[in-house]
Amino acid sequence: DDADDAPLFTVVRAGHSEVSELMDDVSHEEVVEFVLWYRACLWKRLQLKQEATGKFYLLHFVNDLQDIALLSAREPRFFKALGEVADMVHDLFPCMSVKNSMVNVGWL
């Protein structure tokens, strides 16, 4: 089945997020926990795909920069939480985030 060979990727549309409002509404720990949970879900999908196809796969993260103001988007509290997650996921989910792309297109 062609769908079995389709790459797994996740798209982050940073220009359509209100990160400061998020960090005002939830705790640092909740953000870290949610991102780790999401990564665990992606890792499980990756494992199931590998078992079903007998092939090794990597997950591709695409950061869509359309409509993003680079200076205002730098929410220090959010990036601190992401930094903590990044330190953990390398051991928890090896090879998961090897491919990353930064794009600025609206049609993706």
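The structure presented is a predicted model; accordingly, all values stated were derived computationally and were not measured.

**Structural notes on the overall build of the chain**
Across its full length, the chain carries four helices and three strands. For the chain, the sequential pattern of α-helices and β-strands runs α-β-α-α-β-α-β. Put simply, the chain shows about 7500 Å² of open surface, and 57% of that area lies on carbon and sulfur atoms.

**A look at helix α4 (residues 76-92)**
Note on helix geometry: an α-helix contains 3.6 residues per turn, so any two residues three or four positions apart are oriented the same way. Between its first and last C-alpha, α4 extends 24 Å over 17 residues, near the 24 Å set by a 1.5 Å rise per residue. Every buried residue of α4 is accounted for by F78, A81, V85 and V89. Tucked inside the fold, the buried residues of α4 contact α2 (19-25) and α3 (28-53).

**Considerations on the packing of aromatic side chains**
Two measures describe an aromatic ring pair: the distance that separates the ring centres and the angle between the ring planes. Counted under the stated rule, the structure contains four aromatic pairs. Note on F34 and Y38: the rings are 6.5 Å apart at their centroids and 15 degrees apart in plane angle, and the pair reads as stacked. Taken together, the positions of F34 and Y38, both in helix α3 and four residues apart, correspond to about one turn of that helix. Taken together, the ring pairs in this structure connect F34, W37 and Y38 into an aromatic cluster.

**Notes on α3**
Over its 26 residues, α3 extends 38 Å from the first C-alpha to the last, a length consistent with the 38 Å expected when each residue adds 1.5 Å. By the burial criterion, the buried members of α3 are V31, V32, V35, L36, R39, L42, W43, L46, K49 and Q50. Immediately beyond the C-terminal end of α3, within one or two residues, lies G54, with a positive phi of roughly 75 degrees.

**Some details on the nonpolar core**
Counting residues in hydrophobic clusters, the biggest one holds 18 residues, and the most contacted among them are V31 and V85. Listing elements by their share of this core, those giving two or more residues are α2, α3, β2 (59-64) and α4. A per-element tally of this core places α3 first, with seven residues. Excluding its chain neighbours within four sequence positions, the residues that come into contact with V85 are V32, V35 and L36.

**Side note on the pattern of salt bridges**
Scanning all chains against the criterion turns up two salt bridges. Note that R77 is salt-bridged to D24, the shortest N-O span being 2.9 Å. Here R77 is found in helix α4, whereas its partner D24 is found in helix α2, with 53 residues between them in sequence. A salt bridge links E75 to R77, with the nearest nitrogen and oxygen atoms 2.8 Å apart.

Calculation rules
- Residues numbered from 1 in each chain as written.
- Predicted model: local features only at pLDDT ≥ 70, side-chain atom pairs only at ≥ 80, totals over all residues.
- Heavy atoms only, no water.
- Helix = DSSP H or I, 4+ residues; strand = E, 2+ residues; numbered from the N terminus.
- Areas by Shrake-Rupley, 256 points an atom, 1.4 Å probe, with all protein chains shown as cover.
- Expected span 1.5 Å × (residues − 1).
- Buried < 20%, exposed > 50% of the residue type's maximum accessible area, 1.4 Å probe, protein only.
- Contact = heavy atoms within 4.5 Å.
- Phe/Tyr/Trp six-rings, centres within 6.5 Å; stacked < 30°, edge-to-face > 60°.
- Core = buried A, V, L, I, M, F, W, Y, C linked by side-chain atoms within 4.5 Å.
- Salt bridge = Lys/Arg side-chain N within 4 Å of Asp/Glu carboxyl O.

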